[in-house]
Each structure stands twice: as C-alpha cells, then as structure tokens.
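The residues making up each chain are set out below.
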Amino acid sequence: MGAANIIFRIEIKGAKDHDLVREIKMQEYRKKLMNPFSAASRGIEDDVVAPESLRKELIRSLDMIAEKPESLPLKKQGNIPI
C-alpha cells in the first residue's frame, strides 16, 4: 500500500526487518483509516449503512427524491437572430 509506505517511511527505513515493519504499519493503517467509520467521523461520508438495512435506506432515499421538483436555470440568452 503506497500511502503506508510514504507515511511510515522513516519507521520502515530505521527498522532492521523492513518487510515486517512495513506489513505491521500497513495493517495499522488499514485498521485505523481504511474503514467507513473513519471517513464518516471526518465528514467525508454522510452515513454508514449496515448491509441488512441497505434496501430500506435505498427505497427511502429514492422516495425522497421522487417528488423533488426539477429546476432548470433561466436562460441568459436566446438564439441569435440571423
């Protein structure tokens, strides 16, 4: 994983067993940062939906936007008369 190699390059370079330290740091990175809860806590994602409730959430979301009015921007200019 490229990100872990870059972030932890000093620790990896200073270790006796580079491959072992790289693997440990990659596991730490995956556990800490590569999950939906980490992204949701930072505001990157709005919500984390459990797989068993995914169908219900999709239906709710589609129902919510089904009645949304479509608003088109006003035209600033029309066709140029020739």
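Residues numbered from 1 in each chain as written. Predicted model: local features only at pLDDT ≥ 70, side-chain atom pairs only at ≥ 80, totals over all residues. Heavy atoms only, no water.

Draft legend 1. Focus on the nonpolar core. In this structure, A4, F8, I12, A15, V21, M26 and Y29 together form the largest nonpolar core, which totals seven residues. With three residues, helix α3 (residues 18-33) is the largest single contributor of residues to this core. If we skip the residues at most four places from it in the chain, I12 touches A4, N5, H18, V21 and R22. (Core = buried A, V, L, I, M, F, W, Y, C linked by side-chain atoms within 4.5 Å. Buried < 20%, exposed > 50% of the residue type's maximum accessible area, 1.4 Å probe, protein only. Helix = DSSP H or I, 4+ residues; strand = E, 2+ residues; numbered from the N terminus. Contact = heavy atoms within 4.5 Å.)

Draft legend 2. Local environment of α3. In this model, α3 (16 residues) spans 22 Å end to end at C-alpha, consistent with the 22 Å of a helix rising 1.5 Å per residue. Of all the residues in α3, the buried ones are V21, K25, M26 and Y29. Buried positions in α3, seen along its axis, are confined to an arc of 135° and lie on one side of it. Of the exposed residues in α3, those oriented more than 90 degrees away from the buried face are D19 and K31. The elements touched by buried residues of α3 are α1 (2-7) and α2 (9-14). (Expected span 1.5 Å × (residues − 1). Arc of directions from axis to C-beta.)

Draft legend 3. Representation of the pattern of salt bridges in the model. This model, assessed by the stated rule, comprises three salt bridges. Of the charged contacts, one joins E28 and K25 as a salt bridge, the two residues approaching to 3.8 Å between their closest N and O atoms. Separated by three residues within a single helix, E28 and K25 lie in helix α3, roughly one turn from each other. Note on E28: relative accessible area 41%, which makes it partly exposed. Since its relative accessible area comes to 17%, K25 is described here as buried. The closest approach of N and O atoms between E57 and R60, which form a salt bridge, is 2.9 Å. With a gap of three residues between them, E57 and R60 both fall in helix α5 (residues 54-66), about one helical turn apart. Judged by its relative accessible area of 21%, E57 falls in the partly exposed class. (Salt bridge = Lys/Arg side-chain N within 4 Å of Asp/Glu carboxyl O.)

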